[in-house]
Amino acid sequence: MSDGIKIIAVNRRARFNYSIDEKYECGLVLHGTEVKSFRDGKISFPDAWAEVISGEVWLNSLNIAENPFSSIFNHDPNRRKKLLLNRFEIKKITRKTEEKGYTLIPLSFYFKNGRVKVEIGLCKGKKQYDKRADIRDRDLKRDVEREFRHSSG
């Protein structure tokens, strides 16, 4: 990515399990010591997903670990986080997620100019044969690169 952007975490599993139709960059409403935990990379989101509730987008199942150096004012690690999008994008996402099979999955978390951003994807689940095809393509690409390295060197 370009300068001013520091990647915190990438959800590689989401790219394997889902086909991504559209991507959106969102802000994230954080409380108290959550930003420090993000800076330390203490987040976990293997099963995280987002939903639209009454015109607002909420991120569920994102676990932000508590900061061990904070006092009693620590944050709740499992609370739902609000995502910041403009009204037009929320309407577009709402229409798409009401269709059968579409869901919102966080793809990556990063700092952009000192602010935490999340890239969410409008995704549709892959079938087992699609996953096998991806594995086969990846293996073929790896073999071709290996042959190219051995033949040129």
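See the structure above.
All figures in this text were calculated on a predicted structure; none of them were measured in a lab. Chains are numbered independently. Their residues run from 1 in the order of the written sequence. For this predicted model, a pLDDT threshold of at least 70 governs which residues receive local features, and a threshold of 80 or more governs which side-chain atom pairs are given and counted, while totals over whole chains, interfaces and linings are taken from all residues. Based on all heavy atoms of the structure, the side-chain values leave hydrogens and waters out of the count.

Caption draft 1: Fine view of the side chain of N60. Position of N60 among the secondary structure elements: in strand β5 (residues 56-60). With a 1.4 Å probe rolled over the protein chains alone, any residue whose accessible area is under 20% of its type maximum counts as buried; one over 50% counts as exposed, and the rest are partly exposed. Under the relative-accessibility criterion, N60 is labelled buried at 7%. Any pair of nitrogen or oxygen atoms within 3.5 Å is treated as a polar contact; in protein, a donor-acceptor pairing is required on top of that, and neighbouring residues in sequence qualify only through side-chain atoms on both sides. At a separation of 3.0 Å, a polar atom in the side chain of N60 contacts the side chain of E51. Only runs of H or I of at least four residues qualify as helices and only runs of E of at least two qualify as strands under DSSP, and these elements are numbered from the N terminus.

Caption draft 2: Representation of the pairing of strand β2 (residues 18-28). Two strands pair under a simple rule: DSSP has to find at least two bridges between them. Pairing geometry for β2 and strand β9 (residues 115-125), over nine bridges, is antiparallel. Among the inter-strand pairings, I20 is bridged to a residue of β9, identified as C123. With two bridges joining them, β2 and strand β7 (residues 81-84) adopt antiparallel strand pairing. From the neighbouring strand, L28 faces β7, where its bridge partner is L83.

Caption draft 3: Examining the environment of N78 more closely. Considering the arrangement of structural elements, one finds N78 in the loop between β6 (63-64) and β7. Excluding residues that lie within four positions of it along the chain, N78 makes contacts with L62 and N63. Contact criterion: two residues are considered in contact whenever any of their non-hydrogen atoms come within 4.5 Å of each other.

Caption draft 4: Highlighting empty space enclosed by the protein. Detection works on a 1 Å grid of protein atoms alone, calling trapped sets that fit a 1.4 Å probe cavities and calling open sets with protein on both sides within 12 Å along at least five of seven lines pockets, with lining residues defined by an atom within 4 Å of a point. Grid points are joined across faces, edges and corners, and a volume is the space filled by probe spheres set on the points. Enumeration over the complete set of coordinates arrives at one cavity of 30 Å³ or more. Volume-wise, the largest cavity comes out at about 40 Å³. Along the walls of the largest cavity sit S37, D40, K42, A65, E66, N67 and P68, which together make up its complete lining.

Caption draft 5: Geometry of the environment of N67. Relative to the assigned elements, N67 resides in the loop between β6 and β7. By relative accessible area, N67 is classed as buried at 8%.

Caption draft 6: Looking closely at the pairing of strand β8 (residues 102-112). The element β8 is largely enclosed, with a buried count of nine among its 11 residues. In terms of strand pairing, strand β1 (residues 5-10) meets β8 through five bridges, oriented antiparallel. Residue pairing for β8: I7 is matched across the bridge by Y110. Bridge count between β8 and β9: 10 bridges; the pairing is antiparallel. Residue pairing for β9: P106 is matched across the bridge by I120. Hairpin connection between β8 and β9: a loop of two residues separates the two successive antiparallel strands, and N113 in this loop has a positive phi of roughly 55 degrees.

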